[in-house]
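# Descriptive analysis of the structure
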Amino acid sequence: MAADYDKKDGANYAPKGEKNIVCKPGEFIVGACGLAHGHISGMCNGLSEAGATIGYVYDPDPEKVKEFIKMFPSAKALPSQGALMNTKEIKLVASAGIANERCGIGLDALDHGKFYFSDKPPMTTQAQVEEARTKVRKTGLKWFVYYAERLHVESAIYAEQLIKEGRIGEIVSIKGWGPHRTGLSKRPEWFFKKEQYGGIITDIGSHQLEQVLYYADAKDARLISSRVGNLKHPQYPELEDYGDATFITDNGIPCYISVDWFTPDGLSTWGDGRLWICGTKGYIEIRKYVDVAASKEADHVIVVDEKGEYHYNVHGKIGFPYFGKLILDCLNNTETAMSQEHTFRAIELAIEAERKAVIIK
């Protein structure tokens, strides 16, 4: 299904898929709290397509609230975060607030007996990760994260299926690239303040670390080296426009990630995100958002194995199962969408790589 968002604007990434309803009408009410980042639209699209009702919204900016209600007419505006947290029928709070404030919103949600779904990065410091872990253990509630570059990308989901089928054998190495367009004129002030956005590896690198752990079928990874820098934006001294890191997973797979804010204006989409997975019997390349100079459609999976070369375009053919699993995990007290430790460990590794990074110029 074609996306209805501006493909050149990654900040408002909000793909739409086929409905896959897993609950009864009104059974799973969502309250959106914090609209600082446009990813809230993608998060709520996914939940709505799985049967959730987007029932309430709060943000201190009334214009953001007005735009949100245009997209989700079922949502009722509330006057404060406290009013939203005290609305008993809300089962889950979804937030794309300012990055370093997302953890606090989550702690508040769990304290009020609600599940929590955060945009990435869900935390910006190790202290916040520890607070979240403690709160989850204390309350028994779940803390989900919108790692959209795998969960909301059909080519990434199809690659999972191929790997599980043994198409490329045992995984040997993983390399991930996450280039983004800055869109400087549209960015809010907090985008340029490191304390608020957390640094480039914490922010967009957390997507890559989640994928590394998942595709490697690993529970953990060890940081080998990491680098960050502001290479071309001296007018924004706290902005990091480049970052990379090397890890080895706990099951011995070397992995490399690279993220940047250098997508040129000539590209038809906001970033040429790719993932390369090498196995003992072949390799997979995921061209997530575009097949450059060949097709502007998203979701290309390139496979080379012992029998030949294959190019699959799976856009609109796979769907997004994560959101239905999330809802059912909340309703049934299961853990099928993503393990809580995986959720936290991905951002924890990103924060570690950011904290220990060598600064390059």
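An account of the accompanying structure is given in this report. Computed from a prediction, not measured in an experiment: that's the story for all the values here.

### Focus: the overall build of the chain
- Scanning the chain from N- to C-terminus turns up 12 helices and 15 strands.
- In the chain, buried positions account for 59% of the 361 residues.
- Within the chain, contacts between residues separated by at least 24 positions form 70% of all contacts whose residues are at least 6 apart in sequence.
- Total accessible area on the chain is roughly 15100 Å²; 52% of this is exposed by carbon and sulfur atoms.
- Across the chain, the mean location of the 44 positive side-chain charges is 1 Å away from that of the 49 negative side-chain charges.

### Let's talk about helix H7 (residues 154-164)
- When you tally the buried positions in H7, you get nine out of 11 residues, the bulk of the element.
- Listing the buried residues of H7 in full gives Glu154, Ser155, Ala156, Ile157, Tyr158, Ala159, Glu160, Leu162 and Ile163.
- Looking one or two places after H7, you find Gly166, whose phi comes out positive at around 80 degrees.

### A word on the packing of helix H1 (residues 39-49) against helix H11 (residues 322-332)
- One can describe the packing of H1 onto H11 by two numbers: an axis separation of 8 Å at closest approach and a directional angle of 70 degrees. Relative to H11, H1 is oriented roughly perpendicular. Contact residues: H1 offers Gly42, Met43, Gly46 and Leu47, while H11 offers Phe323, Leu326 and Ile327.
- For the contact of H1 with H11, the per-class residue count stands at five nonpolar, two polar and no charged.

Definitions and cut-offs
Residues numbered from 1 in each chain as written. Predicted model: local features only at pLDDT ≥ 70, side-chain atom pairs only at ≥ 80, totals over all residues. Heavy atoms only, no water. Helix = DSSP H or I, 4+ residues; strand = E, 2+ residues; numbered from the N terminus. Buried < 20%, exposed > 50% of the residue type's maximum accessible area, 1.4 Å probe, protein only. Contact = heavy atoms within 4.5 Å. Areas by Shrake-Rupley, 256 points an atom, 1.4 Å probe, with all protein chains shown as cover. Lys, Arg positive; Asp, Glu negative; His and termini not counted. Charge placed at Lys NZ, Arg CZ, Asp CG, Glu CD. Axes fitted to C-alpha atoms, helices over the stretch in contact; angles between N-to-C directions. Parallel < 35°, antiparallel > 145°, perpendicular 65-115°, else oblique. Nonpolar A, V, L, I, M, F, W, Y, C, P; charged D, E, K, R; others polar.

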